[in-house]
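One letter stands for each residue in the lines below.
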Amino acid sequence: MASCCSPDIFTWIQSLPPITQWRAGSMSICICSSPTSSHPSLNFSVTKNLENSSLSISIFADFNLPVPLWASKPLTINSKSSKLFDEATISCLTINVIKDVLNYGSNKKNPLIRFPKLESISGFKDIFNLAFLTLALLICIYEAPADLRSACLNSLKNQLTSCQSRVASKSLMKLLGSNLEEQWMRSLNLAITNWIAEIQATHRGLMMKTPSPLFSYAIATFGFWKVQLYCPVMAMDLVNSSNPCADERLLFSLNYHQLEGVIQFNYKVIVQEKWVDVMVNIDNIRCDIKRLVNETLLNERGVGADDKHFPSRISLQLTPTIQCNILSVSVSKSTDNPTREIGLERSIETSFDPPNTFLGLKVSAGETTTVSMKPWKFEQSVDGYSGTLHWFLHDSIDGREVVSSRPSKLSLINPKAWFKDRYSSVYRPFTRQGGVIFAGDDYGERIWWKVDKSAMGKTMEWEIRGWIWVTYWPNKHRTFYTETKRLEFREILHLNIC
């Protein structure tokens, strides 16, 4: 098992002396080392080039003969600066690192990246170290020799999932902006998916604990809560499946996607005469299944981009973490008492049998009943001082919950079943891209708590826990295979009672 060096690369390069004081042509620091001398370490190196007054940054495997794994673009040395790495040089290096992380994804477009002055970015040191460790993880997955990869991957993963890195991740995502954030996470989770595939191929037939790369973060600002989350489908927990799937092409299409979710709430604090009302309303709940590789690869190695999981259930639970000031909790939606539209159709069929039969006339009668229903059912529930929101997808034919049922074999081969061509049908319960959006116009219900006035002037914590289920039923590919997976997340949000 690798030892975790927890390197502070930013502080290290900031402390490097002028190149005129170097005793060698390069200086290096360990990123990840092995406890045994027989395995190499992963090192970060700065090399000087006196011919054109530049520096180059590299990552290499420290064998007896070093093996280069990555190199930056040349960085010009500013002769007028007292620091070897001044703000302009560090900014160029950071952009270089971010672009190389994005280049490991399926989107090969050269993104335009602009940063404000580094001195104005709070916690930039941790942001830089996080970006660099992310690049090191991708390099370890794709470029490193097998013995080094197995020794260092868990160490790098532990560093990236530490509390310090989680805080830095939120700052990095804010700095990148939403569009680059999505590209960043698709690039990272493509690498994670490949890593999990390697683990499963190496330990085929054994139940191995795979990495848990669910990434989520929460934002709380005036009157608004937001949780953003990403998780590779391959890393989600399997809830049920029809049978082991031997169709490698289908598995490739299913596995090389990720779930992307956004949970947004609006909240109000209303001071009453004897208590305080805290009201939380649904703003937007969005859930999408996005591909991690391009459509060409999905067609070549898989069964295309149309056969993938779809959201089948979402549950969100909001709970005040300290409840001594809570008086009550209420929800705004009653238990459903739906009206049923029943259309009754009667028919009589007659036919004449051939001659020489006992009766020459056959009569049959039939009756058809139709019931109209929405595919998504929304419910609210209360448990203690927790308020929970539930969305269930139902089979439009028999009304059963999709997440806890399986289609019949007859429906699996029926080209007119509701889940066939499910992203193009006019009656589809999803967006054209295969996701769902629950907005305040249709799901504007709320949860509200009565809080004792003694909480005035304080900051209270609310925990949001969520569970998202995704299901695969065949779309265009002919198969009897079905499965459902689930992820769980948890975030803390803050609210000022004033």
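Keep in mind that this is a model prediction, so the values were computed, not measured.

Rules used throughout
- Per chain, residues are indexed from 1 in the order of the written sequence.
- Only residues with pLDDT of at least 70 are given local features in this predicted model, and only at 80 or more are side-chain atom pairs given and counted; all residues enter the totals for whole chains, interfaces and linings.
- Only heavy atoms go into the side-chain values, all of them from the structure, while hydrogens and water stay out.
- The secondary structure listing takes helices from DSSP runs of H or I that are at least 4 residues long and strands from runs of E that are at least 2 residues long, numbered from the N terminus.
- Each residue is placed in one exposure class: buried if its accessible area under a 1.4 Å probe, protein chains only, is under 20% of its type's maximum, exposed if it is over 50%, and partly exposed if it falls in between.
- Whether two residues touch is decided by their heavy atoms; if any such pair falls within 4.5 Å, the residues are in contact.
- Take the buried residues of types Ala, Val, Leu, Ile, Met, Phe, Trp, Tyr and Cys, join any two whose side-chain atoms come within 4.5 Å, and each joined set is a nonpolar core.
- For the purposes of this description, domain bounds are those given by an automatic or database domain assignment.
- In this analysis, axes come from line fits to C-alpha atoms, helices being fitted only over the stretch in contact, and the angle between any two N-to-C directions falls in the range 0 to 180 degrees.
- In this scheme the crossing of two helices becomes right-handed for a clockwise turn of the near helix relative to the far one and left-handed for an anticlockwise turn of less than a right angle.
- Three residue categories are used. Nonpolar comprises Ala, Val, Leu, Ile, Met, Phe, Trp, Tyr, Cys and Pro, charged comprises Asp, Glu, Lys and Arg, and polar comprises the others, including Gly.
- Any pair of Phe, Tyr and Trp rings, taking the six-membered ring for Trp, is counted once the centres come within 6.5 Å. Such a pair is stacked with planes under 30 degrees apart, edge-to-face with planes over 60 apart, and tilted for the rest.
- DSSP calls a pair of strands paired once it identifies at least 2 bridges connecting them.

1. Here's the deal with the overall build of the chain
Broken down by element type, the chain carries 9 helices and 21 strands. Considering the chain as a whole, with its 498 residues, one finds that 47% of them fall into the buried category. Looking at the chain alone, contacts between residues at least 24 apart form 70% of all its contacts between residues at least 6 apart.

2. What about the nonpolar core?
Counting residues in each nonpolar core, the largest one holds 128 residues, and the members touching the most others are Phe85, Phe265 and Trp391. It is helix H3 (residues 124-142) that contributes the most residues to this core, 14 residues altogether. In this structure, this core is formed jointly by two domains, domain 1 (1-202) and domain 2 (222-346 + 366-497), each of which donates at least three residues. Dropping the residues within four chain positions of it, Phe265 is found in contact with Gly223, Phe224, Trp225, Val280, Asn281, Ile282, Asp283, Ile285, Leu316, Leu318, Leu389 and Ile464. Counting 6 residues, the second largest nonpolar core, distinct from the first, contains Leu190, Phe252, Tyr256 and Leu292.

3. So, the packing of helix H2 (residues 87-103) against H3
Relative to each other, H2 and H3 sit at 40°, their axes nearing to 9 Å. Note on packing geometry: the crossing formed by H2 with H3 is left-handed. Counting all contacts with H2, which are made through Ile90, Leu93, Thr94, Val97, Asp100 and Val101, the residues of H3 involved are Phe124, Phe128, Ala131, Phe132, Thr134, Leu135 and Leu138. Among the residues making up the contact of H2 with H3, the classes are represented as 10 nonpolar, 2 polar and 1 charged.

4. Comments concerning the packing of aromatic side chains
Evaluation of the coordinates by the stated rule reveals 20 aromatic pairs. Residues Phe310 and Trp418 carry aromatic rings whose centres are separated by 6.2 Å and whose planes lie at 70° to one another, so their mutual orientation is edge-to-face. Here Phe310, found in strand E12 (residues 310-320), pairs with Trp418, found in the loop between helix H9 (409-412) and strand E18 (436-439); they are 108 residues apart in sequence, far enough to count as distant. Taking the relative accessible area as the measure of exposure, Trp418 reaches 15% and is therefore buried. Plain terms: the ring middles of Trp391 and Phe438 are 5.1 Å apart, the flat faces sit at 10° to each other, and that makes the pair stacked. Of this pair, Trp391 sits in strand E17 (residues 386-393) while Phe438 sits in strand E18, placing them 47 residues apart in sequence. Take Trp391: its relative accessible area is 0%, and that puts it in the buried class. Look at Phe438 and you get buried, because its relative accessible area is 3%.

5. With respect to the environment of Cys92
When you line up the elements, Cys92 lands in helix H2. The sequence separation of Cys92 and Thr76 amounts to 16 residues, and the corresponding C-alpha distance is 9.6 Å.

6. Considering the pairing of strand E21 (residues 483-496)
A regular strand places its side chains so that they alternate between the two faces of the sheet. Relative to E21, strand E9 (residues 237-241) is paired through 4 bridges, and the arrangement is antiparallel. Directly across from Ser241, in E21, lies its bridge partner Glu483. As paired strands, strand E20 (residues 459-472) and E21 are joined by 14 bridges and run antiparallel to one another. The residue of E21 that forms the bridge with Arg465 is Arg490.

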